[in-house]
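Listed here are the chains, written in short residue letters.
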Amino acid sequence: MDREIKINGNRDRDLKGKNILFIMSGSLSMFLWGMVLYLSVSVYDLEPLPTGYNFLYPIMADASLLTGNLFFGHISDIYGRKVPFIFSSVLSSTGIMFASISQNYVEMSLSIFLANFTLGGEETVLLSYIFELFRNPLRSRLIIWITNMANAGVFFTAFSVYFLSDHTVQIRYFLGLSSLIILILILLTRLRFQESGKWIESRKNGNKNFDFEEKAKEVWNYSGKHFKILSYFEQLSTGTVIITGFFLVNIYFGYIYSNEPYYVSMVTTLAGTVSGIILGVFSKRLPHKIIPLLSFPSMAILVVSAAILSFYSLISLSIIIVILTARSFMSEIGWASRDLLQTELTFTEYRSRHIAYVRSFSYTILIFLYYVVFVLHPSLTIYLIIISVVEITGALGAIAWYFGGVETGRKDIS
């Protein structure tokens, strides 16, 4: 009996140790993703683009995120979570290190593509991995806290580049050294990971005969109609708000409309980081059905208010930045709800692909908006109106889900 207790105790400690390694590795990869996202802004000073091509870096980053999601989503569902998770970390860090030594805008564009391709796809695998390795309420808390590290990565990079803005060589060293250190830490942790048990089980049994709407009725007691349509409307609308808002507000707003691009990114992502920490603490008490309602309608109200006030020239740019910072605080709550529902509203066999498809829709919308912003150069008011349209759609999705959806946080369908 004593020996059995000792063996079980060792297993528990070993499992706890591996869980800590996973949390560290996932957090580092999301932090690195934040660095890469901000890289597509800060490289303007490293390798300037030719006249008329100022859309190239943003489009390259977004196109690579779209294709990376699709690629890693597919191979993760087919070949498992572990191998793509290791493979992506090597390629993403390679992309950043190559960017730090790039000598022209072509090399820089390829670096941005490589880094975002792998890190964008890695988040898809990461979410599936977390869902399948952990149980609620720890699972929800980890999804919130780990993905929130992307905000921290943007803040850290913007803060560092702000003080190095007049020193191009130092910025290159900073990017290369930071990515190398993170790569080493990621590899040391990921090589010890176990494969997802749920993924292994899904490959044995498969869910091909499961009807999603029938499963919703069975597990969540859903009694309405058109469940799949409702769930996709919520995921696509709110997911597009998060992606377009994160890029067009946190990453690029300061660069396009303010003389203080680093400052705007710092305050908006700092607000999101703080919000994510707070939400993680209280996530155990919050039904997942309510979280979108807490964030998306208020985000829409804030941006619409900024657009109206801007149209009538009633407030200064600094006040608009304050409003957008408040929106970024609420956005992290929306970010969490997006990640939670996208992992919960599918079967294990298709989880990574499902997340990839939903996000690819959002990145497609973002590519179109990039064209509008960087080629047509809209006024600040039109810019805010564009964002407002997306935010209103997300608010409608959150409201529809609250009144017609289900609570997914207590029972899993797979």
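Residues numbered from 1 in each chain as written. Predicted model: local features only at pLDDT ≥ 70, side-chain atom pairs only at ≥ 80, totals over all residues. Heavy atoms only, no water.

1. Description of the confidence of the model for the protein chain
Here is step 1 of the chain: Across the protein chain, pLDDT averages 86, with 92% of residues at or above 70.
Here is step 2 of the chain: Here residues 1-15 scores under 50 on pLDDT; set against residues more than four positions off or in separate chains, the count is one contact. (pLDDT = per-residue confidence, 0-100. Contact = heavy atoms within 4.5 Å.)

2. What to know about the environment of Ile20
Here is step 1 of the chain: Counting through the fold element by element, Ile20 comes out in helix H1 (residues 2-46).
Here is step 2 of the chain: Among the residues examined, Ile20 registers a relative accessible area of 43% and is labelled partly exposed.
Here is step 3 of the chain: When the C-alpha atoms of Ile20 and Glu218 are compared, they prove to be 34 Å apart, with 198 residues separating the residues in sequence. (Helix = DSSP H or I, 4+ residues; strand = E, 2+ residues; numbered from the N terminus. Buried < 20%, exposed > 50% of the residue type's maximum accessible area, 1.4 Å probe, protein only.)

3. Side note on the packing of helix H10 (residues 227-251) against helix H15 (residues 351-376)
Here is step 1 of the chain: At their nearest, the axes of H10 and H15 sit 9 Å apart, and the two run at 45 degrees to each other. Classified by the interaxial angle, the pair formed by H10 and H15 is oblique. At the point where H10 passes H15, the crossing takes the right-handed sense. Residue-level inspection shows Tyr232, Gln235, Leu236, Gly239, Thr240, Ile243, Thr244, Phe247 and Leu248 of H10 in contact with H15, the latter providing His354, Val358, Arg359, Phe361, Ser362, Tyr363, Ile365, Leu366, Leu369 and Tyr370.
Here is step 2 of the chain: Among the residues forming the contact of H10 with H15, the class breakdown is 12 nonpolar, six polar and one charged. (Axes fitted to C-alpha atoms, helices over the stretch in contact; angles between N-to-C directions. Parallel < 35°, antiparallel > 145°, perpendicular 65-115°, else oblique. Left-handed = near helix turned anticlockwise from the far one by under 90°. Nonpolar A, V, L, I, M, F, W, Y, C, P; charged D, E, K, R; others polar.)

4. A look at a nonpolar patch on the surface
Here is step 1 of the chain: A contiguous nonpolar surface patch, about 640 Å² in accessible area, is contributed by Trp145, Leu270, Val274, Ile277, Ile278, Val281, Phe282 and Phe329.
Here is step 2 of the chain: Tracing the backbone shows Phe282 in helix H12 (residues 261-282).
Here is step 3 of the chain: Residue class for Phe282 comes out partly exposed when judged on its relative accessible area of 40%. (Patch = residues over 30% accessible without salt bridge, like charges linked within 9 Å, V, L, I, M, F, W, Y side chains within 5 Å. Areas by Shrake-Rupley, 256 points an atom, 1.4 Å probe, with all protein chains shown as cover. Salt bridge = Lys/Arg side-chain N within 4 Å of Asp/Glu carboxyl O.)

5. A short note on the side chain of Glu344
Here is step 1 of the chain: Relative to the elements of secondary structure, Glu344 occurs in helix H14 (residues 317-344).
Here is step 2 of the chain: Despite its burial, Glu344 remains without a salt bridge, the nearest opposite charge being carried by Arg139 at 4.5 Å.
Here is step 3 of the chain: Within the structure, Glu344 has its side chain in polar contact with the side chain of His288 (distance 2.7 Å).
Here is step 4 of the chain: Apart from the residues within four sequence positions on either side, Glu344 is in contact with Phe131, Asn136, Arg139, Trp220, His288, Thr408, Gly409 and Ile413. (Lys, Arg positive; Asp, Glu negative; His and termini not counted. Polar contact = N/O pair within 3.5 Å; in protein donor to acceptor, adjacent residues only side chain to side chain.)

6. Concerning unusual backbone geometry
Here is step 1 of the chain: In the segment running from Asn136 into Pro137, the intervening peptide bond is cis, with an omega of 5 degrees.
Here is step 2 of the chain: Following the sequence through the fold, Pro137 ends up in the loop between helix H4 (105-133) and helix H5 (138-147).
Here is step 3 of the chain: With phi around 60 degrees, His226 is a residue other than glycine that occupies positive phi space.
Here is step 4 of the chain: Mapped onto the secondary structure, His226 falls in the loop between helix H9 (212-220) and H10.

7. With respect to the environment of Lys411
Here is step 1 of the chain: The residue Lys411 is located in the segment after helix H16 (380-404) in this model.
Here is step 2 of the chain: Along the sequence, Lys411 and Pro50 sit 361 residues apart, while their C-alpha atoms lie 53 Å from each other.
Here is step 3 of the chain: Ignoring anything within four residues of it in the chain, the contact list for Lys411 reads Val219 and Trp220.

8. Notes on helix H6 (residues 149-164)
Here is step 1 of the chain: With 16 residues, H6 ought to run about 22 Å at 1.5 Å a step, and its terminal C-alpha atoms sit 22 Å apart, in line with that.
Here is step 2 of the chain: Buried within H6 are the following residues: Ala150, Asn151, Ala152, Gly153, Val154, Thr157, Ala158, Ser160 and Val161. (Expected span 1.5 Å × (residues − 1).)

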